[in-house]
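Take a look at the letters that make up each chain.
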Amino acid sequence: MLRTHTNGELNITHKGTEVKLCGWIQRSRDLGGMTFVDLRDRYGITQLTFNMEVNANLCEQIRALGRETVIAVSGKVEERSNKNAKMPTGDIEIIVDEIQVLNKAKTPPFTIEDHSDGGDELRMKYRYLDLRRDCVRKNLELRHRIGIETRNYLNDLNFIEIETPFLIKSTPEGARDFIVPSRMNPGEFYALPQSPQSYKQLLMVSGFDRYFQIVRCFRDEDLRADRQPEFTQIDCEMSFVTQEDILDTFEALAIYLFKKIKGITIDKLARMTYADAMKYYGSDKPDTRFGMRFIELTNQVQNHGFSVFDQAELVAGICVEACSEYTRKQLDELTDFVKRPQVGAQGLVYIKCNTDGTYKSSIDKFYSSDQLQSIALTCQAKAGDLILILAGNRNKTQKALGELRLEMGNRLNLRNPNTFSLLWVVDFPLLEWDEDCKRFFAMHHPFTAPKPEDQNMLETDPGKVRANAYDMVINGVEVGGGSIRIHDRELQKRMFKALSFTEEEAQKQFGFLMDAFEYGAPPHGGIAFGFDRLCSLFGGADSIRDFIAFPKNNSGRDVMSDAPSTVSEVQLKELALSLKK
RNA sequence: GGUUCGGUAGUUCAGUUGGUUAGAAUACAUGCCUGUCACGCAUGGGGUCGCGAGUUCGAGUCUCGUCCGGACCGCCA
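No experiment lies behind these values; they were computed from the predicted model shown. (Residues numbered from 1 in each chain as written. Chains lettered and ligands numbered in written order. Predicted model: local features only at pLDDT ≥ 70, side-chain atom pairs only at ≥ 80, totals over all residues. Heavy atoms only, no water.)

(A) Representation of a nonpolar patch on the surface in the model. A contiguous nonpolar patch, built from Y128, F550 and M560 and spanning about 290 Å² of accessible area, is present on the exposed surface. With respect to the element layout, Y128 can be found in helix α3 (residues 127-130). Residue class for Y128 comes out partly exposed when judged on its relative accessible area of 45%. (Patch = residues over 30% accessible without salt bridge, like charges linked within 9 Å, V, L, I, M, F, W, Y side chains within 5 Å. Areas by Shrake-Rupley, 256 points an atom, 1.4 Å probe, with all protein chains shown as cover. Salt bridge = Lys/Arg side-chain N within 4 Å of Asp/Glu carboxyl O. Helix = DSSP H or I, 4+ residues; strand = E, 2+ residues; numbered from the N terminus. Buried < 20%, exposed > 50% of the residue type's maximum accessible area, 1.4 Å probe, protein only.)

(B) Highlighting the protein's contact with RNA strand B. Near RNA strand B, the surroundings consist of 48 residues, among which E53, N82, D117, A442 and H444 are the closest. Close to the protein, within 4 Å, the atoms of RNA strand B are drawn from sugar and phosphate at a rate of 53%. Between RNA strand B and R219 there is a distance of 2.9 Å, counted from a phosphate oxygen to a side-chain nitrogen or oxygen. Between RNA strand B and A225, the relevant distance is 3.3 Å, taken from a phosphate oxygen to a main-chain nitrogen or oxygen of the residue. Secondary-structure elements contributing two or more residues to the surface near RNA strand B are β1 (18-30), β2 (34-41), β3 (44-51) and α2 (120-125). Counting residues per element, the surface near RNA strand B draws most heavily on β1, at 3 residues. (Near = heavy atom within 4 Å. Polar contact = N/O pair within 3.5 Å; in protein donor to acceptor, adjacent residues only side chain to side chain.)

(C) View of the packing of helix α4 (residues 134-156) against helix α6 (residues 243-262). The geometry of α4 relative to α6 is characterised by a closest axis approach of 10 Å and an angle of 135° between their N-to-C directions. Of the possible angle classes, the one that applies to α4 and α6 is oblique. Considering the relative orientation of α4 and α6, their crossing is right-handed. Facing α4, whose interface residues are L142, R145, I146, E149, T150, N152, Y153 and L154, α6 presents T249, F250, A252, L253, Y256, L257, K260 and I261. Taken together, the residues of the contact of α4 with α6 break down into 10 nonpolar, 3 polar and 3 charged. (Axes fitted to C-alpha atoms, helices over the stretch in contact; angles between N-to-C directions. Parallel < 35°, antiparallel > 145°, perpendicular 65-115°, else oblique. Left-handed = near helix turned anticlockwise from the far one by under 90°. Contact = heavy atoms within 4.5 Å. Nonpolar A, V, L, I, M, F, W, Y, C, P; charged D, E, K, R; others polar.)

(D) Here's a closer look at the sheet that holds strand β13 (residues 314-320). Strand order in this open sheet of 5 strands is β12-β13-β16-β14-β15, and the pairing throughout is antiparallel. The strands lining the two open edges of the sheet, one partner per strand, are β12 (295-296) and β15 (359-361). Here strand β14 (residues 349-353) pairs with strand β16 (residues 386-392) via 4 bridges, running antiparallel. Bridge assignment links K352 to a residue of β16, and that residue is L386. Contacts from helix α10 (residues 328-339) reach β14 and β16 within the one sheet, and its direction differs from that of β16 by about 30°. Against the sheet, helix α12 (residues 394-411) contacts β12, β13 and β16, and its axis sits at roughly 10° relative to β13. (Pairing = 2+ DSSP bridges.)

(E) View of helix α11 (residues 369-378). Listed in full, the buried residues belonging to α11 are L372, I375 and A376. Projection of α11 onto a plane perpendicular to its axis shows the buried side chains occupying an angular sector of 100°, all on one side. In this structure, α11 carries D370 and L377 as exposed residues pointing more than 90 degrees from its buried face. Contacts from the buried residues of α11 go to α8 (298-301), β14, β15 and β16. Positive backbone phi, approximately 55°, marks Q380, located one or two places after α11. (Arc of directions from axis to C-beta.)

Structure representation (structure tokens):
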């Protein structure tokens, strides 16, 4: 046996014990007569002590070893004369009598510490070293615990985990598929699943009325800090349920996880309709940790000669508390912010509600002091507040004001990663009009059930139909989404028709599912949580990358292994593929 | 496909209106040091300033192109 204990467990009660320890040399402190070495493993750090007077040979031996060398030592646990209260093993040290070098290490390109001197790119290239760092390892441990607790919770409710295939049929709806050529079927391709959607619905038809799977999903779209080409979902489906049952079951899961993992008590989740989310926050995933809801001003401000407002479909503002002292420079910064192409506003109007009761605005020329006061009243602005107003096309203005609201939240530190605000956004539209393709697309996916009371509009006014679809939003992050599914072949047919599918196309792509609906499909619905996002949220981070052991970079590359890469002519030939020169 | 920021020592960064030999910290190496725990002190090595072209007497610095990386928009049912 190479080790009797880990480096995190020894304490004063082990005093006098002969132990064997293994690990990596974190750091050594050579004081001349004595040398101290921090030995590290997954569990912690234990100090090894070497004394020139006691064993000069051993001292010389340990001094010759660089950091990250893997060693095994044997020795005796002793009480330290100078204790270190900052570490769990700080009361003891090991008086080493034998060292075995298990493997030498080159000097690592960055320091293996919480505040490493390595940049992101370098850390990703040497990810196996990066993962030795405490803070990164803890993220993966957190991920593990969230996974275990999720399984415990769902298992207790009779959910069973069933694996579904990774090599499946490609469908053109939704995100781009990752495509896998089939050697045995030349010219034909599998796709990697964007989600196990069809399979979990088929499992409902099979009678597995409570299914879940913590499963990898694949989407060939551009990446973001919170988007990877392969990511993990907690994928769930239930039969014989209403939307209410699903919301109850899975908000209880979220509450359970917050309690178990973070020790935080969360009350029942608020519900907000999609329409309200857009109207008050300009986003279908509002960050409700802070207020600053939109106030519509269109009617109030029009017809006073300010053409920007007069021509706007929507004029709306937010009231920023205690910022009337903002300088010209700060306001210019905000104007630049909203004018960035990513935000897309034409300009920014401000009204300062000065503490002396006067008003100063960028539209003084068009509005009297009384009129500014009445706008301030509508916005419920107090003396000392700042009102920021955008105007223009309804959708664009909502979106831009939503971005501005988040920016102000950031500037005013209202987005504390350690406070959590959870809500359901419900009543999403079923369909979304695409101007380029001149057709409707499913906002969620084509199997989402319309609300029964809206079904009759499916043919007459499809854009108005609301869906039995819902998202769980935490701190402005969409952590999960789902819907009640269509389980009736006729309704599914009408849905495909609304999506401009011909019967042949629908049959070719989803015939297996619609066929299944004819053999006794129970009413069902489900939800899928973004597991990586949930982990990053619990870990208080914006990026999901540090919660994934081996993530891809911005351009979808694994910089460590340098995937993707070219393949040999032989491989291409076997797959009956040729590359365009 | 687009916007934007960045690329200088092993690493993280600084580098003024273009101007002598490109700096700091840290890491590394060597020496000294018996209670350190971010040990301390001293000395030393370490640079194709991403790459290419251009402007200039002169480019790390300016211009254009290109490659790489980050954030974002589009995209992500």
